[in-house]
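Coordinate analysis (summary)
Next come the chains, spelled out residue by residue.
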Amino acid sequence: MVGSPIANRNQSEIEALIGFFVNTLVLRTDCSGNPTFRDFLGRVREVTLGAYAHQDLPFEKLVEELHPERSLNRHPLFQVVFGLQNVPLDELELPGLKLSSFPLETQTTRFDFELYLWEASDNFRSRYGEQWEDSEGLRGLAVYNTDLFDEVTIARMLRHFKTLLESIVANPEQGIANLPLLSEDEVNQLFREWNDTRTDYPQNKCIHQLFEERALQHLEDVALTFDSQHLTYRELNSRSNQLARYLQKLGVGDRGFSGALCRAIDQPNCRNVGYTESGRSLPTVRSELSARSAKLDAGRCSS
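Not measured: the values here are computed from a predicted model.

**Comments concerning the overall build of the protein chain**
A count of helices and strands for the protein chain gives eight helices and seven strands. A buried classification covers 24% of the 303 residues belonging to the protein chain. Considering only residue pairs separated by 6 or more positions, the protein chain has 58% of its internal contacts joining residues 24 or more positions apart. Approximately 22900 Å² of the protein chain is accessible, and the part contributed by carbon and sulfur atoms is 52%.

**Regarding the nonpolar core**
Formed by Phe59, Val63, Leu77, Phe78, Val81, Phe111, Tyr116, Trp118, Leu141 and Val143, the largest nonpolar core amounts to 10 residues. Among the elements of the structure, helix H2 (59–66), strand S4 (113–120) and strand S5 (137–144) are those that each provide at least two residues to this core. Those residues within four positions of tyrosine 116 in sequence are excluded, and the remaining contacts are Pro5, Val81, Gly83, Gln85, Arg110, Arg139, Gly140 and Leu141.

**Points about the environment of valine 187**
Along the polypeptide, valine 187 turns up in helix H4 (residues 184–193). A relative accessible area of 28% means that valine 187 is categorised as partly exposed. Apart from the residues within four sequence positions on either side, valine 187 is in contact with Leu182 and Arg192.

**Concerning the pattern of salt bridges**
For the coordinates displayed, the defined rule picks out six salt bridges. The salt bridge involving lysine 61 is made with glutamate 65; its shortest N-O contact spans 3.2 Å. Highlighted residues: lysine 61 and glutamate 65, both in helix H2, separated by four residues, approximately one helical turn. Between glutamate 114 and arginine 110 there is a salt bridge, and its shortest N-O distance comes to 3.3 Å. With a relative accessible area of 3%, glutamate 114 lands in the buried category. Residue classification places arginine 110 among the exposed positions, given a relative accessible area of 62%.

**Section: the packing of aromatic side chains**
Aromatic ring pairs are described here by two measures, namely the spacing of the ring centres and the angle between the planes. The full count for this structure, using the stated rule, is three aromatic pairs. Residues phenylalanine 78 and phenylalanine 111 carry aromatic rings whose centres are separated by 5.3 Å and whose planes lie at 20° to one another, so their mutual orientation is stacked. Within this pair, whereas phenylalanine 78 is found in the loop between H2 and strand S3 (80–85), its partner phenylalanine 111 is found in the loop between S3 and S4, the two being separated by 33 residues in sequence. A relative accessible area of 1% means that phenylalanine 78 is categorised as buried. For phenylalanine 111, a relative accessible area of 10% puts it in the buried group. Ring geometry for phenylalanine 211 against tyrosine 233: centres 6.4 Å apart, planes inclined by 45°, an arrangement best described as tilted. You can see phenylalanine 211 sitting in helix H5 (residues 207–217) and its partner tyrosine 233 sitting in helix H6 (residues 233–249), a full 22 residues away along the chain. Overall, the relative accessible area of 22% leaves tyrosine 233 in the partly exposed class. Each residue in the set Phe59, Phe78 and Phe111 is aromatic and connected to the rest through ring pairs, giving one cluster.

**Digging into unusual backbone geometry**
In this model, asparagine 34 sits at a positive phi of 50°, which is unusual for a non-glycine residue. Within the fold, asparagine 34 resides in the loop between strand S2 (23–27) and helix H1 (37–52). For asparagine 34, a relative accessible area of 33% corresponds to the partly exposed category. With a phi angle near 50°, histidine 67 is a residue other than glycine that sits in the positive phi range. Residue placement: histidine 67 occurs in the loop between H2 and S3. Judged by relative accessible area, histidine 67 falls into the exposed class, the value being 66%.

About the thresholds
Residues numbered from 1 in each chain as written. Predicted model: local features only at pLDDT ≥ 70, side-chain atom pairs only at ≥ 80, totals over all residues. Heavy atoms only, no water. Helix = DSSP H or I, 4+ residues; strand = E, 2+ residues; numbered from the N terminus. Buried < 20%, exposed > 50% of the residue type's maximum accessible area, 1.4 Å probe, protein only. Contact = heavy atoms within 4.5 Å. Areas by Shrake-Rupley, 256 points an atom, 1.4 Å probe, with all protein chains shown as cover. Core = buried A, V, L, I, M, F, W, Y, C linked by side-chain atoms within 4.5 Å. Salt bridge = Lys/Arg side-chain N within 4 Å of Asp/Glu carboxyl O. Phe/Tyr/Trp six-rings, centres within 6.5 Å; stacked < 30°, edge-to-face > 60°.

Okay, structure coming up:
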């Protein structure tokens, strides 16, 4: 759900009154079915108009009726705010006075993330100062919780938002799930540069031999972690060798497949290396069985 402020001056009698009438609307739109952006925009319009029809309802009354779970560290209904300020903010002119904007730094935030957009012009003014790149179009401001986000993350999110808007303008008939967020440079970095993991391995050694060589170089380093359990490379290699010797003792060798039932995070990894050292192939399909179901299966087999 997204919160959105509204002026709440829907009657001509109060348009000229001085005072704070702003209310907050809570909006939730159905995104199911991967609609085109044009169809999704229709859904948003329907939800928004429905909220406008009840904008007189005090937000405090809404919270009282819904009884949401309350917490001191977050808003009861939404954590994200979006607002489009479409009321012109022209320069204020007073007789005998020269006015200039004063940058105002926001030190606190009421929500996790807030995004406000203005329709700007050459004489655009804002309480946030005059440091804007463009003099036309939409200008925006993001306010965020620094306990959750850093400046780099927010800057990346805003770039993705700009990419999303550009893709919508280019093809509004595309499904919303298929609209791109990443730039071409980010796509290239994610799927090509970071995914280029090819390495030249020795062609005369098997995977378990390469693992043992690496384990000998990092014997006391942690190889596996699960909850409060830790396994060093020494322990992992030792357990894998133990399993391999046990399988060989049972007659497990080259060719064929063997199944295994695992209960802890360290067992599948020991099993993988152990099976490889024993020369046996391991099925890629893994079944998670509880102790109860295993006993039931055993009972069916014995009967």
